[in-house]
Amino acid sequence: MKSLKYLCLASAASLATPACAQEAEAQPEAGDTAEIVVVATGFAQPRDTTGQAITVVTAADLERLQAVNLTDALRTLPGASIAQRGPVGGQTSLFLRGGNSSQTLVLIDGVRINDPSSPNAAVDFGSLLAGNAQRIEVLRGPNSVVWGSQAMGGVVNIETALPTSDLEARGALEYGFADTVLGRANLSGGSGPIQASLGGTFYRTDGISALAGGTEKDGSRTWALNGRIKAELVPDVSIDLRGYYNDSRVDFDSAYSGGAESLAVANNRQFAGYAGLNFALADGKWQNRLAYTRTDIRRRGSDPVVYSYNNYLVSGTIDRFEYRSSYDLAALATLGFGLEHEGTASSTSYEGDPAQLQDTDVTGGYVQLSLRPVQGVTLSGGVRHDDYSTYGGHTTFGGNLAWALNGGATVLRATYAEGFRAPTLTEGQPPFGNTELKPETARNVDLGIEQSLLDNRVRLGLTWFNRRSTDLIVYSFSAGRSENIGRVDAEGLEFALWIEPTDRLRVEANYTLTDAFNRSGSFTGKRLQLRPQHSGNFSVDWETPLGLTLGASALLIGDSFDDQANLVRLDGYALVTLRASLPIGDKLELYGRVENLTDAQYQTVAGYGTYGRAAYAGVRVKW
């Protein structure tokens with residue numbers, strides 16, 4: 001591992017294109033190896049110029065899958081697994097390559113939404129609707145050189161609908177099982193130098209019992225707003241404004257207040273805002289961006305049962321200032337660098353107790369250098385340092401190689417990457433935290449190949465990864481506080497296949513082998529909980545000569561465990577979905593699906609309910 005590390009670092013780092021943007025406006029066809037990604041460096045670049053493993057989900061993919069929640073799409077990707085507690089809206093965790101949910105950094109339009117008021121700052125995907133998402137980029141593996149803390153297991157960047165020059169409007173309305181209603185709409189357009197996009201999504205359902213076996217249904221209601229404005233002030237100078245708001249009400253069950261018949265309710269609000277100034281100097285060779293981002297999360301729980309600890313009022317904020325830049329030194333080299341300052345604060349109160357107030361600041365910076373010595377080869381590397389007001393400093397290294405051969409038909413990848421997660425406010429500060437905690441760290445190696453065959457009609461990908469995570473923050477019962485005593489080894493293979501034998505037929509399949517083991521304490525040698533060793537997804541879509549599109553998917557999940565001792569086994573399962581869509585003219589489309597066609601009985605978390613067979617139908621419009 002050390003030899004690969006120094007080879008990658010000696011080559012320096014990656015900004016394959018100088019476009020100073022945090023969005024990828026080009027929308028190539030699914031499976032296109034030349035698609036544009038942002039999450040690798042924070043700047044737009046072709047995917048075949050980075051050695052990191054990245055999957056892109058487009059708006060077309062979301063519509064094809066008829067995704068309601070973002071996890072409907074994420075669970076179909078290689079290296080990703082989902083644990084959902086009850087119905088849509090219930091607490092939902094994402095695990096990438098066997099890493100903890102707290103080790104995945106999640107962004108909406110480039111703004112961090114990891115919750116600083118939660119004990120481990122993980123993101124709850126339960127109420128994050130697919131709605132007006134334009135695309136999702138998922139980077140598997142650490143990338144803390146670019147993104148800092150929490151980019152330890154992976155990075156997910158969710159991009160909402162982009163502004164357009166021409167006036168465009170889209171909408172959808174859906175109804176189905178459990179009196180579920182889903183509606184969304186988005187309007188975009190431009191005039192002269194100004195472009196804008198504004199949309200909203202609404203979802204409500206009667207749901208099912210969150211805890212298995214209950215008769216009282218746990219419903220949810222979510223509405224979300226998304227907006228973006230781009231304006232060119234003068235040539236080479238523009239402003240970029242982005243905003244996202246989510247408001248949800250979720251019924252949930254609690255073992256401490258009535259079990260499956262609990263009447264506990266969670267009300268959550270989430271705001272992510274971005275204001276940026278983009279400007280170019282030196283005849284466009286020097287691209288710059290100044291930005292301020294704001295994350296504001298507020299959660300309130302209520303329960304008729306006193307001291308169930310379901311009565312709470314918590315909030316968390318992140319204020320972030322950043323400068324990012326890329327400079328073309330020559331045709332064969334690009335230098336990238338950035339400076340950031342972030343302030344994080346939280347307030348937590350349970351059962352009417354006085355609020356506990358906590359905060360921390362961090363200032364960080366990074367340098368990257370991209371070398372393109374010969375056509376098709378991109379050598380990448382970088383270094384970052386962060387200085388926390390409460391935890392001290394931390395330095396991160398990373399590098400990768402991408403080699404496109406045979407006119408781009410073959411792409412070889414190699415990556416050495418480091419990641420870290422700083423202690424959260426709860427873990428590292430009084431009254432319950434340990435002020436002596438260090439950041440969690442990870443070192444990861446990827447080796448991969450992608451191959452296109454038969455005039456790009458067939459594409460295959462295979463990636464091997466190995467990650468060692470150390471100094472993991474674990475609660476020590478003997479010490480009565482959290483300690484850096486955890487260690488985890490994760491190794492696996494990710495295989496993907498994409499076939500388009502005709503313009504009307506598409507077949508996709510992927511398989512992931514994940515061996516994630518605890519290497520510390522009394523659970524040494526045990527598999528990490530809720531991480532299946534085997535997982536896969538298969539889908540086929542066919543557009544008939546009549547215009548009717550028929551599709552089917554099979555999500556295959558192997559056995560896993562729901563406890564550290566590996567005593568509570570969760571049996572594997574297969575979920576089959578059938579879907580269809582039919583355009584009526586150019587502006588109207590009818591669609592529908594049947595989920596869990598075989599009515600499989602399964603659980604993603606022990607004791608929590610899951611949906612049986614369910615049907616939904618809807619209509620989409622555009623003009």
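Before any of the text, the structure's been laid out above.
Residues numbered from 1 in each chain as written. Predicted model: local features only at pLDDT ≥ 70, side-chain atom pairs only at ≥ 80, totals over all residues. Heavy atoms only, no water.

Scanning the protein from N- to C-terminus turns up five helices and 33 strands. What you see for the protein is a C-alpha radius of gyration of 23 Å, in line with the 25 Å of a compact globule of 623 residues. Sorting the 623 residues of the protein into buried and exposed places 58% on the buried side. Long-range pairs, those at least 24 residues apart, make up 61% of the contacts in the protein between residues at least 6 apart in sequence. On the protein, roughly 25,100 Å² of surface is accessible, and the fraction owed to carbon and sulfur atoms is 60%. Side-chain charges in the protein split into 53 positive and 68 negative, and the spacing between the mean points of these groups amounts to 3 Å. (Helix = DSSP H or I, 4+ residues; strand = E, 2+ residues; numbered from the N terminus. Rg over C-alpha atoms; globule rule 2.2 N^0.38 Å. Buried < 20%, exposed > 50% of the residue type's maximum accessible area, 1.4 Å probe, protein only. Contact = heavy atoms within 4.5 Å. Areas by Shrake-Rupley, 256 points an atom, 1.4 Å probe, with all protein chains shown as cover. Lys, Arg positive; Asp, Glu negative; His and termini not counted. Charge placed at Lys NZ, Arg CZ, Asp CG, Glu CD.)

Right, let's talk about the environment of G98 for a bit. Mapped onto the secondary structure, G98 falls in the loop between β5 (92-96) and β6 (104-108). In this structure, the C-alpha to C-alpha distance between G98 and A169, residues 71 residues apart in sequence, is 40 Å. Ignoring any residue separated from it by four or fewer positions in sequence, one finds G98 in contact with R467, T514, A516, L528 and R531.

According to the stated counting rule, one finds ten aromatic pairs in the structure shown. With 5.5 Å between their ring centres and 45° between their planes, W223 and Y245 make a pair best called tilted. Taken as a pair, W223 in strand β13 (residues 218-234) and Y245 in strand β14 (residues 237-254) lie far apart in primary sequence, 22 residues in all. With a relative accessible area of 23%, Y245 lands in the partly exposed category. Taking 5.9 Å as the distance between ring centres and 80° as the angle between the ring planes, the aromatic pair formed by W286 and Y327 counts as edge-to-face. (Phe/Tyr/Trp six-rings, centres within 6.5 Å; stacked < 30°, edge-to-face > 60°.)

Now for unusual backbone geometry. Backbone geometry follows two general trends: most residues other than glycine have a negative phi, and most peptide bonds adopt the trans configuration. The omega torsion across P430 and P431 is 10°, close enough to zero to call that bond cis. Along the chain, P431 falls in the loop between α5 (425-428) and β23 (440-453). At D109, a residue that is not glycine, the phi angle is positive and equals roughly 50°. Within the element layout of this structure, D109 appears in the loop between β6 and β7 (111-112). If you check the backbone angles, D471 has positive phi at about 55° while not being a glycine. Structurally, D471 can be placed in strand β24 (residues 458-476). With a relative accessible area of 24%, D471 lands in the partly exposed category.

The next thing to look at is the pattern of salt bridges. Where side chains of opposite charge bring their charged atoms close, a pairing between them can arise. One pass over the structure, following the stated rule, counts 47 salt bridges. Taking the shortest distance from any N to any O, the salt bridge between E483 and R481 comes out at 3.0 Å. Overlapping salt bridges, with partners in common, bring together R112, R289, R320, E322, R324, E340, E342, R384 and D386 in one network. (Salt bridge = Lys/Arg side-chain N within 4 Å of Asp/Glu carboxyl O.)

As a further point, take the side chain of E351. By the element assignment, E351 lies in the loop between β18 (333-350) and β19 (356-371). A polar side-chain atom of E351 sits 3.0 Å from the main-chain amide nitrogen of Y307. At 2.7 Å, the side chain of E351 and the backbone nitrogen of Y309 are in polar contact. (Polar contact = N/O pair within 3.5 Å; in protein donor to acceptor, adjacent residues only side chain to side chain.)

Read these as geometric descriptors, not functional statements.
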